[in-house]
Amino acid sequence: MDRRFLAWLFLTTALFYLYLSTRPQNAPQPDASAPEVPSADSDDPLLQPEGSLAREADGSSDDDSSPSSGHQAFDYPDRRLTLGSMDPNSGYRLLVTLTSRGAGVERVELVERTGTTQRRFRFRALEHEGGYLGHLALQPVDGGLQIRSVPPGSPAATARSPQVAGGLRVGDIIEAINSAATLTLDDFRMALAETRPQREVEVRVRRPVAEVTDDAASDQGSAATEEAAAQSLTFTAIADEAPLDILRMHPRPSEQVVGNYHTPSLRTTLAAIGATQVPSGQLALPALAPMLNVDWEARELEVPGGSGVEFRLPLQPLLDSTGRPAKLDLVKRYRLYPPGNGRDGYELDVETELVNHNEEEVVVAMRQEGLNGLTLEGWWYSVKISPHMFSGAGQRDVIFHSQLEGHQLVTTRNIVERAKDFPSQPHTILFSENEPVEARTVRYVGLDSPYFTAAILPEDPSAPSIDALRQAGAMALANVKLLKKAQSQAANTGFWFDTQEEPIPAGGSLTKRYRVFIGPKDSDVLAAHGLERAIEYGWFPWIAKPLSKILHFFYWIVGNYGLAIILLTVLVRGCMFPLGRKAAINAQKMQELQPELKRINEMYKDNMEKRAKAMQELYAKHNFKPLAGCLPMFIQLPIFIGLYRCLSVDISLRQAPLIPGFDWCSNLAGPDMLLDWSGWMPEFIAGRGTGWLGPYFNLLPVVTVALFLAQQKMLMPKATDEQTRMTQNMMQVMTVFMGVLFFKVPSGLCIYFITSSLWSLVERQLVKRSLPSAGATSSPASPTPDKTPPAARKNPGRRRGKAGEGDQEKSRSKLDELKELLEKPAVRSSTQRRTDRPPQPPQSQTS
């Protein structure tokens, strides 16, 4: 009993500390009264801020609908341009929405279709309710919501109206959805939440007069034109399900984290002009900071076999007053291709060109910002481990691979804590210019979440790494003072890197090209891009990876991952049945020897040497090896951990239902979510990230804990004393406590736990039937004939009237044999003999 309890206590304690390592850490709070150290105090004009937008370069300006008025020379329109298409026939796997504000990426959706009908997305947004019209980039205006983007192939683009040709357009103002007024974004979400995919949605819009006139004049004549211009237009669209938005500038309501900034990805600026570099702790030269937030000139590119967009911004208005060569143009080009010609469809090509129109050479370095806004799907329940021992990772960790140290991961919490501890130097430096070239030569640098990754790669797929960079850093794109401790793992993070300084001759240009991978953490997909280390299998990858292959094989046979998990668990437990049987036999022997071991402990409680020798003699006499019962446990432990990690990181379980057609347990990579109780449960219980249990009541963890308790009750022997009873009660309490800690565990893992527990119960019964009898495992000495008088045999009560004195004498005879080997038997007094016997019942006065 003690050995089993200690082993169980060790395992539960290890799991408890593993769970705590993935919980938010207590970080020191920033001292708000401490003055911030200025980033630069030079008189260099490049280091002097240019207008208010210099303060917004870090993304602290969340309102992307405000006009870009940081500099009067930049009056380009605010535009959204889209690469790719939602049309299943287009073959695109990515749908990228670009914004002219900073020439960055606003949103990326995974639009790959699956199935014979091509109606379902391979990766859909799990927490999106209702139908979907496409990312319209809506902006509240008087009387409704103005459309700023209509993705090709989306339900909005294919909507039809009897009044005009074509679908919804940029500039249309949505007034109602299915007769429900849509004056705010919440109205729009609630109206679509009442719809269902593949159902018709009625959309009433107000279109500018000029656009209605052009369409109506071509179809109905000038008389009808005046009438059409005076009324709203009604469209009918077929709602779609929502694809997963793997990158998004503005989070969903369920992913809102107070303090996070909303910033476009992949912005570009200059890291240095001549000898002047970006001050430490800042994102741009102060004089050039407006370029990160103003609208750039945008146009579509003709790309054979794909789609493209070009942005251009002249830097002369910002450099005229700095005394530097001012005639520089920064050009950015994005290109996207469907799968084919050596591409898998998860890559976005980025090209940055700096054109020198001056009559003299210019020495510059570029700063390329990375990606941010990686999906927070399931951040409040998913557990991601770090390559570092006993270190929990977050939802937006920064990863990179250098030639010197290989794969590295900087956790979200570490980035946030750095920003809190050093407000004037908030960036976490990944590598600096003082380090060796091998440390600054990287294969990739990107963001990593439990199931998705976005990383910048070399332009040439055959190139081993990006050219040697000057330095790189990670940053928290959030007001860290507003972040809650429990939500620090969901903070918005990003990264940047600087190129080496290079000269640009007069009339020449400098071009940098990169590939950007944005996709799922599928082992085959990642391996094709050199990102296989992004999947962390834990301590036993040599076990987890083969088990993952077997899991997919079972899925190929049965077509359901729930059944595949059950079959995999049965296979693993079946292979370990011989070890389980050996451990059970050992446990039974140990249980039979417990009375004699207890007597030895009492007899030699003050002499450890003799006690140990007596126990060794007892073990040798009964051919019992105590450590033999621990060996199967240590052999099984790596297999169980490997199976756990295999199920934890497999993206195939995402949106895989246990029972097809049911909303309950429709995602084996997340909790089963039987009931949403966030509306009436307190925050410390049902809060997202802040609550112990989460916003949903989950049934499978309750079943798992119930089976654990039943297993303990059936397998543990009945308590014979107070100490044993307390031990068993403690084990039950700890089991319930562990159930609370793992209440948000993915349902696929719960299926594994349930199957394993049921197997243990069945295995125990099979082992009991196959075990030798108790007499076979006891002393080989011949049994003593029963000398009990016939009258006592007929009346068992008379025989046991002295509390089982005969059984105790038999047990003492065995101990006497062992004691003779150690010392001569001492003569015991009558008092001692009486103390060895159990207390006698009081005699009646009349007897």
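Just so it is clear, the structure is predicted and the values come from calculations on it, not from any experiment.

Parameters at a glance
Residues numbered from 1 in each chain as written. Predicted model: local features only at pLDDT ≥ 70, side-chain atom pairs only at ≥ 80, totals over all residues. Heavy atoms only, no water. Buried < 20%, exposed > 50% of the residue type's maximum accessible area, 1.4 Å probe, protein only. Helix = DSSP H or I, 4+ residues; strand = E, 2+ residues; numbered from the N terminus. Arc of directions from axis to C-beta. Contact = heavy atoms within 4.5 Å. Salt bridge = Lys/Arg side-chain N within 4 Å of Asp/Glu carboxyl O. Core = buried A, V, L, I, M, F, W, Y, C linked by side-chain atoms within 4.5 Å. Pairing = 2+ DSSP bridges. Axes fitted to C-alpha atoms, helices over the stretch in contact; angles between N-to-C directions. Phe/Tyr/Trp six-rings, centres within 6.5 Å; stacked < 30°, edge-to-face > 60°. Lys NZ or Arg CZ within 6 Å of the ring centre and 35° of its normal. Polar contact = N/O pair within 3.5 Å; in protein donor to acceptor, adjacent residues only side chain to side chain. pLDDT = per-residue confidence, 0-100. Patch = residues over 30% accessible without salt bridge, like charges linked within 9 Å, V, L, I, M, F, W, Y side chains within 5 Å. Areas by Shrake-Rupley, 256 points an atom, 1.4 Å probe, with all protein chains shown as cover. Expected span 1.5 Å × (residues − 1). Parallel < 35°, antiparallel > 145°, perpendicular 65-115°, else oblique. Left-handed = near helix turned anticlockwise from the far one by under 90°. Nonpolar A, V, L, I, M, F, W, Y, C, P; charged D, E, K, R; others polar. Lys, Arg positive; Asp, Glu negative; His and termini not counted.

Undergrad: Pulling in residues and values, what's your account of helix α2 (residues 185–193)?
TA: Residues of α2 that are buried include every one of F188, A191 and L192, and no others. For α2, the angular spread of buried residues about the axis comes to 95 degrees, placing them on one side. Those residues of α2 hidden inside the fold are in contact with β7 (144–146), β8 (173–177), β9 (180–181) and β10 (200–206).

Undergrad: Can you explain the pattern of salt bridges? Please cite residues and give values.
TA: Under the criterion given, the structure shown has 35 salt bridges. For D78, the salt bridge is made with R80, and the minimal N-O distance between the two is 2.6 Å. D78 sits in the partly exposed class, given a relative accessible area of 30%. A salt bridge links R206 to E175, with the nearest nitrogen and oxygen atoms 2.6 Å apart. Of this pair, R206 sits in strand β10 while E175 sits in strand β8; the two residues are 31 residues apart in sequence, bridging distant segments of the chain. On the basis of relative accessible area, E175 is assigned to the buried category, the value being 14%.

Undergrad: Could you give me a rundown of the nonpolar core, with the residues and numbers involved?
TA: As a rule of thumb, soluble globular proteins bury nonpolar side chains together. Among the nonpolar cores identified, the biggest contains 126 residues, and L348, L371 and I456 are the most heavily contacted of them. Among all residues touching L348, those that are not within four sequence positions of it are L83, V96, V105, L266, Y334, R335, L336, Y514, R515 and V516. Counting 22 residues, the second-largest nonpolar core is a separate cluster that includes L145, F188, V203 and A237.

Undergrad: Pulling in residues and values, what's your account of the sheet that holds strand β12 (residues 244–248)?
TA: Here we have four strands laid out as an open sheet, ordered β1-β2-β3-β12, and antiparallel in their pairing. The sheet terminates laterally at β1 (80–83) and β12, the two strands that pair on one side only. Neighbour to neighbour, the strand axes of the sheet diverge by 20 degrees on average, direction disregarded. Pairing analysis gives four bridges linking β1 to strand β2 (residues 94–99), with the strands arranged antiparallel. Opposite R80, over in β2, you have T99 as the bridge partner.

Undergrad: Describe the packing of aromatic side chains, with residues and values.
TA: Scanning the model with the defined rule gives 18 aromatic pairs in all. Pairing W539 with F540 gives two aromatic rings, centres 6.5 Å apart and planes at 80 degrees, and the pair type is edge-to-face. What makes W539 partly exposed here is its relative accessible area of 49%. With centroids separated by 6.0 Å and ring planes inclined at 50 degrees, the aromatic side chains of F553 and F554 adopt a geometry described as tilted. F554 gets classed as buried once you look at its relative accessible area, which sits at 15%. Among the aromatic residues, those joined into a cluster by ring pairs are W677, W680, F697 and F743. A cation over an aromatic ring shows up here: R367 above the ring of W496, its NZ or CZ 3.7 Å from the ring centre.

Undergrad: Now, about unusual backbone geometry: what can you tell me, with residues and values included?
TA: Within the chain, A137 stands out as a residue other than glycine whose phi angle is a positive 50 degrees. Structurally, A137 can be placed in the loop between β5 (120–121) and β6 (139–141). In this structure A137 comes out as buried when scored by relative accessible area, which is 7%. One non-glycine residue, C665, lies in the positive phi region at around 55 degrees. Structurally, C665 can be placed in the loop between α11 (630–649) and β29 (675–676). Note on C665: relative accessible area 0%, which makes it buried.

Undergrad: For the sheet that holds strand β16 (residues 307–314), give the residues involved together with the corresponding values.
TA: Strand-to-strand pairing in sheets goes through backbone hydrogen bonds, with the strands running parallel or antiparallel. An order of β15-β16-β17-β18-β28-β24-β23-β20-β21 is seen for the nine strands of this open sheet, with the pairing classed as antiparallel. Each edge of the open sheet is held by one strand with a lone partner, namely β15 (297–301) and β21 (406–410). On average, each strand axis in the sheet is tilted by 20 degrees relative to the strand beside it, whichever way the strands run. When strand β24 (residues 452–458) meets strand β28 (residues 509–520), the two strands line up antiparallel, connected through seven bridges. Counterpart to L457 in the pairing with β28 is R515.

Undergrad: Account for the environment of L707, naming residues and giving values.
TA: Within the fold, L707 resides in helix α13 (residues 699–715). By relative accessible area, L707 is classed as buried at 15%. It is 7.6 Å that separates the C-alpha atoms of L707 and L758, two residues lying 51 residues apart in sequence. Every residue in contact with L707, bar those within four places of it in the chain, is listed here: I754, S757 and L758.

Undergrad: Explain the side chain of R367 to me, and be specific about the residues and the numbers.
TA: Assignment of secondary structure puts R367 in strand β19 (residues 362–369). What makes R367 buried here is its relative accessible area of 2%. Here the side chain of R367 touches L283 through a polar contact of 3.5 Å, landing on its backbone oxygen. There is a polar contact of 2.7 Å between the side chain of R367 and the side chain of D498. Apart from the residues within four sequence positions on either side, R367 is in contact with R267, T268, T269, L270, A271, V278, Q282, L283, Q471, W496, F497 and D498.

Undergrad: Break down the confidence of the model for the chain for me, citing the residues and quoting the values.
TA: Residues with a pLDDT of 70 or more make up 77% of the chain, whose mean pLDDT is 79. Across residues 19–41, where pLDDT falls below 50, the model places 40 contacts with residues more than four positions away in sequence or in other chains. Predicted confidence for residues 50–57 stays below pLDDT 50, and this span has 21 contacts to residues more than four positions away or in other chains.

Undergrad: So what's going on with a nonpolar patch on the surface? Residues and values would help.
TA: On the surface, a cluster of nonpolar side chains totalling about 730 Å² of accessible area is made up of F553, W556, I557, V558, L563, I566, L567 and V570. Those elements giving two or more residues to the nonpolar patch turn out to be α7 (541–558) and α8 (561–575).

Undergrad: Residues and numbers for helix α10 (residues 608–621), please.
TA: With 14 residues, α10 extends 20 Å between its outermost C-alpha atoms, agreeing within 8% with the 20 Å of an ideal straight helix rising 1.5 Å per residue. For α10, every residue scored as buried is listed here: R611, A614, L618 and Y619. An end-on view of α10 places all buried positions within 135 degrees of arc, on one side of the element. Opposite the packed face of α10, turned more than 90 degrees from it, sit the exposed residues E609, Q616 and A620. One or two residues past the end of α10 sits N623, with phi positive at roughly 55 degrees.

Undergrad: Describe the packing of α7 against α8, listing the residues and the values that go with them.
TA: Running from N to C, α7 and α8 point in directions that differ by 130 degrees, and their axes come no closer than 8 Å. In terms of orientation, α7 lies oblique with respect to α8. Once α7 is placed against α8, the crossing between them reads as right-handed. Between α7, through L547, I550, L551, H552, F554, Y555 and V558, and α8, the contact on the second element is made entirely by Y561, L563, A564, I565, L567, L568, L571 and V572. Here the residues of the contact of α7 with α8 are counted per class, giving 14 nonpolar, one polar and no charged.

Undergrad: So what about the side chain of K332? Which residues, and what values?
TA: Mapped onto the elements of the fold, K332 is located in strand β17 (residues 328–336). Within the buried core, K332 has no salt-bridge partner, and the shortest N-O distance to an opposite charge, that of E369, equals 8.6 Å. What K332 contacts, discounting residues up to four positions off in sequence, is A103, L266, R267, T268, W296, V309, E310, F311, V350, E351, T352 and Q368.

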